[in-house]
Structure formats: C-alpha cells, structure tokens
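This is what each chain is made of:
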Amino acid sequence: MSSVDIKIYQLDIAIVGSYLCNMYLLRLLFIAGLACTYSAGSAQDVSGQIKSLQSEIASHEKALAGLSAKADSLKLIYVQNGLKEMGWPSDGEVILHRAMALEYDEEHEMARWVAHIILPDVKNGRTARTNDFRKDPKVKTGTAEEGDFFNLKTGHDGKKEFYGFGFDRGHLAPSADFRWSQQALSESYYYSNMTPQRPEFNRESWAMVEDYVRGYAVRNNTEVYVVTGPVLNDNLPKIERSINMVSIPEWHYKVAIDLNNKAAIAFLMPNGKCEKPIDSYVKSIDEVESFTGLNFFPTLNSDLERKLEGEINTSQWLAVGDEKNVKMLTPDQLEAGQYNTLQAYDHVDTGKKVSICGTVVSTFKSKNNNVFINLDRRFPNTVFSINIWSSNINNFSYNPEIELLDRKICVKGQVTLREGIPQIGCDSEKQIIFIDEL
C-alpha cells in the first residue's frame, strides 16, 4: 500500500476521533450550562436554550455521521488497493468487491479463492451479522443460491419451513472480519463467498481458525492479508438436491500474511469433524500452494517470499492469551520412539506403550489427592494430560504437582482418549524422564 493511502487513512481516522472528543465535550458543556442557566433564568428561558443546544448537537451529529461515512469509504479504497498490490493467486477473471476479491468457478458453483484484509479496526467494530444471503450480482454466469442449501416447503398451516441438505452455508472470508464496515460485512453474505461446509467443521474447528487469525490481527494491532478457499478438483461429489449441483469440497485452506511483522501461517483442513488440535492442521504456505496449484502472494519479493511461505510458526498465531502455553517440541528435538503431544493422537488405543514429550504448563491436585498434569497447553485448550491417581502418589519420591511444573518431560505408557483429549495414566515416577536434563 502506498504511503499516500496510509496517510489519508490515518488522517481521516484522526479527524473522526477528534470529532468524537469534541462531541463528548459539547455534551458536558451542555449539561454544565443547563445547570447554571436553570438556576438563573425562568423555565421558559431554559426550555429555549435546551432546544437551541439540542439543535446544535444534532448538527454536529450529522457532521460526525458524514465524516464516519467518509472514513468507511476511504478504508474500503485502502483495502482494495492493498488487495491489488498483493496480486491474485491465479490468472482467472477476478471479481473485486468493496473489501474482498475472488475468482468464481462455475463448474463447482463456488469461489476458487477469496482474498481479504483484516484491519485492526475490527477490534472496535460494532456492525452486527446481517444474514442477508444472496446471489453475487458481479458473477455473470450466476452463483449458488438458497435452493442449493435448503428446500423451502409450505405446511398445511401456511407456515414456511426450510429443510436443509446437511450442510452449512459456510463463509470463506468470515463476516466477523468485516464488522468495521456495514457494506463490507453485507457483501460477505454473497453466495460467491460460501461453500457447503459440514456443521461440525464450520461451527467448530473452522470457526476456531477464523478466531485465531482475527485475534492475531487484534493482539498485534496489525493488518493481515488472508486468502481462503476450497480445494477443487474434477472428482468432487455434488449436493444432489441442490438447484445448481454445487460441489462438496473435501478440504478447505486458509493462508495469512502479516507484512508488518514478517509473519505467516497456513491451514489445510478436512471438511468434517477435525479430531486433532488446530496445530496439527498448520502447514507452510508452500505446502498449501503445492496442494492447490495456486500462488497466493505473487508480488512478494523472492527473499521475503521464501522466508514467509516456507515457515511454520504456530506460537504467534495460535496464542490464546495465556503466556504459559508453549511451542510444542518438534520431532528433531526428540529421540527415536519419542513423540510430541500432537503425535499422541496417532497412538490412541493402539495397546502399545509410547513416550509422549512436552513442557508441563499446569498441574492440579484435587481434594482426593489425584494429580492432573497438562503438557504444552493449559485448560481449556488442553492437548495432552497425565493422570496420577491418589493410590499411586506414594510411588513418587517428590510432589509431582510441584516438581514437574515448567519442566520438559517424557511420560511412557498407553495413550487413551478422555473427552477427546489424549492422556496417559502414570503409576510411578519411573514412567517419567526429565529431558531438559539430558
């Protein structure tokens, strides 16, 4: 984005902020003046002055509304310019809306990709969901529509009822990323921005990814360039009852870059129940490009492209506001036969004893003297736990809830699943080794 764009954008926001302050001061002066005048003049005099001040306030509010509208327009121009400067992931026809761009695939009746920018303004955005799902008027061949996701029936009582086909109308560019602009948020409900997403995917793991990326922009007060889409191929199944025979993607991807802080992340996720922690679906942008055949940020200089598109760094992007959560150990930090907490999922209920390794970030001792230990992620974001029942506490020469905290350890045992979280039951201190001492 050009320096001129940035200065215009910042100047306009400053003007609006100044006006907000002036409005607040004006109201204070009004209240103070009203109190003084009321004590000094007649009721009729006070009434006239109230009307005069109310008229002045209305005039300022109208001016403020005009400035806010101007600021929104400038932001939309700023976003469009930024999207153009980053370039398009493919060579097809690009449809540019006010705050997002996309390439539509008529064969599958959905976008190949949707690009948008998350502004730090999203933190203070107050625009609510519009739910005004509708066809995209800019797609010349026509887009998917309501009848591709629902069947509308009228009952004997005349009431209209919708019968779904088992899929959510899932956003690619999420509406919450646009809550700084009424127009941008409304346009996010075009069917060109939707794919058929299974409810357990759209409402759970996919929503979590969206929250993580948006949360990163807010925490770092930065802009994030995002490209999202389905992985399309000729063999995808169709929603048979849909009007336009919309394809059902098996995979979705999301890639994001923060140029200000030189950070990037990518996700590749199956369109269904994602059993593993979000970390396990993190990829490099290079890997997603290879999987999709797209070139997401073609205008980056070669050195920066190699750095950002080749990295996998979850610690910045998957923060949950808890400094105790740590980066998981990588396989090259472990010996043969040792696995990190993500890999624990691959060993659930195998009947074999394996060593799961990580950093103890939290411990808890219950009233019944049972000890629970979390590796790498604290509750409620637990990814792996160790359980030591009270009957086995005497098998420890130390207090595990105290001595293990903040240590890097491996625990050996059979991995089982409890409420979706892998765990190992530990009967003795012999099952635990301290790898930060090796």
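See the structure above.
Below is a short write-up of the structure. Since the structure is predicted, the reported quantities are computational estimates derived from the model, not experimental observations.

Side note on the packing of aromatic side chains
Alright, step 1. Applying the stated criterion to the full structure yields 11 aromatic pairs.
Alright, step 2. Taken together, a centroid distance of 3.8 Å and an interplanar angle of 15° make the contact between Tyr216 and Trp317 stacked. Remark: Trp317 occurs in helix α7 (residues 314-317) and Tyr216 occurs in helix α4 (residues 199-219); sequence separation between them is 101 residues.
Alright, step 3. Among the residues examined, Trp317 registers a relative accessible area of 1% and is labelled buried.
Alright, step 4. Ring centres 5.3 Å apart and planes at 50° place the aromatic pair Tyr253 and Phe296 in the tilted group. Taken together, the residues span a long stretch of sequence, with Tyr253 in strand β9 (residues 251-258) and Phe296 in the loop between α5 (285-292) and α6 (302-310) at a distance of 43 residues.
Alright, step 5. Take Tyr253: its relative accessible area is 0%, and that puts it in the buried class.
Alright, step 6. A relative accessible area of 1% places Phe296 in the buried class.
Alright, step 7. Here the aromatic residues Phe133, Phe149, Tyr189 and Tyr191 are joined through ring pairs into a cluster of three or more.
Alright, step 8. Sitting over the ring of Phe133, Arg169 keeps its end group 3.6 Å from the ring centre.

A few points about the pattern of salt bridges
Alright, step 1. This model, assessed by the stated rule, comprises 15 salt bridges.
Alright, step 2. With a shortest N-O distance of 3.5 Å, Arg112 and Glu103 are connected by a salt bridge.
Alright, step 3. On the accessibility criterion, Arg112 (25% relative accessible area) is partly exposed.
Alright, step 4. Residue class for Glu103 comes out buried when judged on its relative accessible area of 8%.
Alright, step 5. Residues joined by salt bridges that share partners form a network here, namely Asp177, Asp211 and Arg214.

Some points on the state of the cysteines
Alright, step 1. A full pass over the atoms with the stated rule returns 1 disulfide.
Alright, step 2. Residue pairing for Cys357: its cysteine sulfur links by disulfide to Cys410, the two sulfurs lying 1.9 Å apart. Of note, the bridge from Cys357 to Cys410 carries an S-S torsion of about 105° and is right-handed in sense. Of this pair, Cys357 sits in strand β13 (residues 353-365) while Cys410 is found in strand β16 (residues 408-414), placing the two residues 53 residues apart along the sequence. Cys410 matches Cys357 in its accessibility class, with the two residues each being buried.

Conventions we followed
Residues numbered from 1 in each chain as written. Predicted model: local features only at pLDDT ≥ 70, side-chain atom pairs only at ≥ 80, totals over all residues. Heavy atoms only, no water. Phe/Tyr/Trp six-rings, centres within 6.5 Å; stacked < 30°, edge-to-face > 60°. Helix = DSSP H or I, 4+ residues; strand = E, 2+ residues; numbered from the N terminus. Buried < 20%, exposed > 50% of the residue type's maximum accessible area, 1.4 Å probe, protein only. Lys NZ or Arg CZ within 6 Å of the ring centre and 35° of its normal. Salt bridge = Lys/Arg side-chain N within 4 Å of Asp/Glu carboxyl O. Disulfide = S-S within 2.5 Å.

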